[in-house]
Every structure is written in structure tokens, then in C-alpha cells.
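Below are the chains, spelled out letter by letter.
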Amino acid sequence: MAGIELGGLSTVYPNGVRAVDALDVSISDGEFFALLGPSGCGKTTLLRTIAGLEPASSGTVEIGGRDVTRVEPGRRRVAMVFQDYALFPHMTVAQNIAYPLRVRREPRSRQRSVAEETSASLGLAGLLERRPGQLSGGQQQRVALARAIAMEADVLLLDEPLSNLDARLRLEARTFLKRLQRDLGLTTVFVTHDQAEALALADRIAVMDSGRIRQLGSPKEVFQRPNSTFVANFIGSTPMNLLDGVVRAGAVEVAGARLATPAAAGLPDGTPVVAGIRPEYLSLSPNGDGIPGAVSIVENLGISSLVTLECADGTLVGATVLEHDEPEIGSKLIAAPHPGRFLLYGADGLLLGATGALSQA
Ligand code: ADP
Ligand code: MG
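Asker: Please provide a residue-by-residue account of the layout of surface pockets, values included.
Answerer: By volume, the largest pocket amounts to about 640 Å³. Surrounding the largest pocket, 21 residues form its lining, Gly 74, Val 78, Ala 79, Pro 100 and Met 151 being those nearest its centre. Elements with a contribution of two residues or more to the lining of the largest pocket: strand E6 (78–81), helix H2 (93–103) and helix H4 (137–150). Empty space within the second largest pocket amounts to approximately 250 Å³. Lining the second largest pocket, in full, are Thr 92, Ala 94, Gln 95, Ala 98, Tyr 99, Arg 102, Arg 108, Gln 111, Arg 112, Ala 115 and Glu 129. Of all the secondary structure elements, the ones that give two or more residues to the lining of the second largest pocket are H2 and helix H3 (108–121). Ranked by the residues each element gives to the lining of the second largest pocket, the list is headed by H2, at five residues. Split by residue class, the lining of the second largest pocket holds four nonpolar, three polar and four charged.

Here is the structure:
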């Protein structure tokens, strides 16, 4: 089987855009690896460089211990599913799935049997004679996956494979994909700009920005401990509170509260910092220690609600509560971070440390 090693890998386009910038990454055999990042950060280029569809400008790509940097795409044992599926519109589902075998000049009988087996395992059995135009988006996506699997590749590269599906189908396809990947044990690199998808599917997530990896870790690590405000902003379905504060006497003054944290202890008075607290990690109560404010908005998120507190200095702080705990608009409450869930970032946006201890201003 096949892990992927990228060593100092850069891909520079002829127009000078450095889309992949000196990446060192080691992806394990059988791992489900998500590449997450904003549009234009280099996700597709990185995938295409691993597949050999884009030449590496410098550095190396190894697959299964073999240096394939100069190996042509067809000989890398890599299958790629593109964002638009790239099915052949004039071919039937069966012909699309069997296409890799036809290219390898395998017998027609074998082409047919592989198309039948793969389509059955992907829930496409009755659709073999249809053309892509006669399929739903979800079905087309499965045909593209079936074709990738029929290649019997070691590595599966998926470029935003779920982005053209509607919300419900997307959830179904996500679960399906996860199961399939587990069953086949395929090393998979999955590109998405959707943080929820990455959190749900991946063994590890690489958060990319401008051709570089800003953070690499398990979904838990990047959610609970983003190493920069960039990553913090990018992960989480409700945005993390990033509150401007200043260090005074070893604690952080922010929105009328004084938050004690070891991360601030060594910093000189007046150092500007940013306190990062997820809305899920703030508890609201009428009294106690914490950030005081008045309820200005309550947004229903389904089973929970996002409450926005407006503090005396105008700072807005979001906290999630269960639906039956929704406070009245205008009520005065205190938002207290859960122990260990308050992160401190420097003015450069990089993580300084985390803690939970809190004392009143
Ligand atoms: P993503 O998939 O994360 O949206 P891309 O890999 O498509 O990002 O693009 C990364 C950067 O490379 C962008 O700045 C994009 O404009 C540029 N780029 C992509 N393809 C080409 C190309 N063929 N020629 C020149 N620049 C390109
Ligand atoms: Mg892309």
C-alpha cells in the first residue's frame, strides 16, 4: 500500500504564482487526509501536483516509498476525482466506470464485470446503461468515484467531490465516502473549503493558506487549539470570539473583564493580545466572574442558539446555549470561559497559550 511523502514541494505557475510553497508533509498509508483552506490557497494545485498533472517546480513526491516526481500521471497508481466529476457525457455509466480498464486494453468481459461489481457496491446497479446527463448530481459523483476505484489505484485524490451536491445529499455522500474509504483502506487526500466536512471525515486536517500549511493536526486539535487566528477563524460552524485585549499585571484586560492566564504572565504591561474563546466554550449566568454584557441577538441554530452579548465598550461576544436556556433580549449576563478553553494570541495572530482561570476586573 502507499503513503505519500512530500519533500520541500513547490509548484510555481509560468505566470509566477507560487501556488504550492515548500511543503513537507507525510501522509500515512490508509489515512484520510483533508486539505482545507480558502479559495485560491493552492489545494487543487497540490492535488494535481501529487497526481502528476502539474509539474513540481522543486522538491519531491513519493508514493509508497517510490519517488514519482518525474513519473507520468498514468504510472503513479493515483486516481483523482475532479470537482466537476469530469465524466464522459457520450459514454454510458458502465463505459465511464470501465474507462481505465479500456485504456489498459483489458478484455471487454473484464471491463463489464468490474463495472458491474463497482457500480453495485456504490448503489448504481440499475443505472449502467444511462448517460451522465440522465443522472442526479449525487449519482454522477458516485460514477466518478466508481471510475476512480476501478483504476485500482493506491491513492485516491478527491477535489471538493461533494461541493456540487445539495445539503442533504452532501451529508449522505459524506457518510458513504467515509465508509468506502475505510473498507478499501485507500490512502485518501480530500480537498474541501468546508470546515465541517473536514472535521467530520478526516484523520488529520492540513489548513492551507497561500500555498503553505498553517496547521496540521487531528480534527480535535485544530478545533480546540487553533495555532493562529487565521485557523481559528476558519474552523468551527460558529466563528470563534477573537477579542482584542491588553496585558496588565500578568492578566488580560478584555471587554471589561480581567482574564488571568499563565500565557500573559511573562508579558510586559500594555502588550496587545487577542483572546480566543469559542462560543461553545462560554457559559452564561446572571452573576459570577467573566465578561459582562447585555443580550443583543439570539439566533436559533436548531438544538442550540447563538447568543450575542454586547459589552459596555461595544465588544460583541457570542455564546451558544441550549434552546431551553435562551435568555431574554436585553438581559444582563456574564460570559465565563470553560476551564482550559481560553486561548491567547499575540498581535501577529500566533498562539501564545491557553488556560481557563478567570478573575473579575
Ligand atoms: P484552490 O484549489 O485552493 O482554490 P488553486 O490551486 O486552484 O487553489 O490556485 C492556487 C493559486 O494558483 C491561485 O492564486 C490561482 O489563481 C493560481 N492558479 C491556479 N491555476 C493556475 C494556472 N493554470 N496558471 C496560473 N495560475 C494558476
Ligand atoms: Mg480548487
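Asker: How would you explain empty space enclosed by the protein if you had to name every residue and give the values?
Answerer: In total, this model carries two cavities of 30 Å³ or more according to the counting rule given. Considering only enclosed or pocket space, the largest cavity measures out at about 40 Å³ in volume. Every residue lining the largest cavity is listed: Leu 6, Leu 23, Val 25, Ile 27, Phe 33, Leu 35, Leu 46, Ile 50, Val 189 and Ile 213. Only strand E2 (18–27), strand E3 (32–36) and helix H1 (43–51) provide two or more residues apiece to the lining of the largest cavity.

Asker: With reference to specific residues and values, describe the packing of H2 against H4.
Answerer: One can describe the packing of H2 onto H4 by two numbers: an axis separation of 7 Å at closest approach and a directional angle of 25°. One way to sum up the angle between H2 and H4 is to call them roughly parallel. The chirality of how H2 crosses H4 is right-handed. Two secondary-structure elements touch here, H2 through Val 93, Asn 96, Ile 97, Tyr 99, Pro 100 and Leu 101 and H4 through Val 143, Ala 146, Arg 147 and Ala 150. Taken together, the residues that form the contact of H2 with H4 break down as eight nonpolar, one polar and one charged.

Asker: An account of the environment of Leu 165 is requested, with residue identities and associated values reported.
Answerer: On the secondary structure map, Leu 165 appears in the loop between strand E7 (155–159) and helix H5 (167–184). Judged by relative accessible area, Leu 165 falls into the buried class, the value being 7%. Linking Leu 165 and Ser 237, residues 72 residues apart in sequence, is a C-alpha distance of 19 Å. In contact with Leu 165, other than residues within four places in its own chain, are Tyr 85, Gly 137, Gly 138, Gln 141, Arg 170 and Ala 173.

Asker: How would you summarise the environment of Arg 76 if you had to cite specific residues and measurements?
Answerer: Within the secondary structure, Arg 76 sits in the loop between strand E5 (66–67) and E6. Sequence spacing of Arg 76 and Val 317 is 241 residues, and the spatial spacing of their C-alpha atoms is 50 Å. Leaving out residues up to four positions away in the same chain, Arg 76 has contacts with Thr 49, Ile 50, Ala 51, Gly 52, Val 61, Ile 63, Arg 66, Val 68, Thr 69, Arg 70 and Val 71. Within polar-contact distance, the side chain of Arg 76 engages the backbone oxygen of Thr 49 at 3.1 Å.

About the thresholds
- Residues numbered from 1 in each chain as written.
- Chains lettered and ligands numbered in written order.
- Predicted model: local features only at pLDDT ≥ 70, side-chain atom pairs only at ≥ 80, totals over all residues.
- Heavy atoms only, no water.
- 1 Å grid on protein atoms, 1.4 Å probe; cavity = no way out; pocket = protein on both sides within 12 Å on 5 of 7 lines; lining within 4 Å.
- Points joined across faces, edges and corners; volume = space filled by probe spheres on them.
- Helix = DSSP H or I, 4+ residues; strand = E, 2+ residues; numbered from the N terminus.
- Nonpolar A, V, L, I, M, F, W, Y, C, P; charged D, E, K, R; others polar.
- Axes fitted to C-alpha atoms, helices over the stretch in contact; angles between N-to-C directions.
- Parallel < 35°, antiparallel > 145°, perpendicular 65-115°, else oblique.
- Left-handed = near helix turned anticlockwise from the far one by under 90°.
- Contact = heavy atoms within 4.5 Å.
- Buried < 20%, exposed > 50% of the residue type's maximum accessible area, 1.4 Å probe, protein only.
- Polar contact = N/O pair within 3.5 Å; in protein donor to acceptor, adjacent residues only side chain to side chain.

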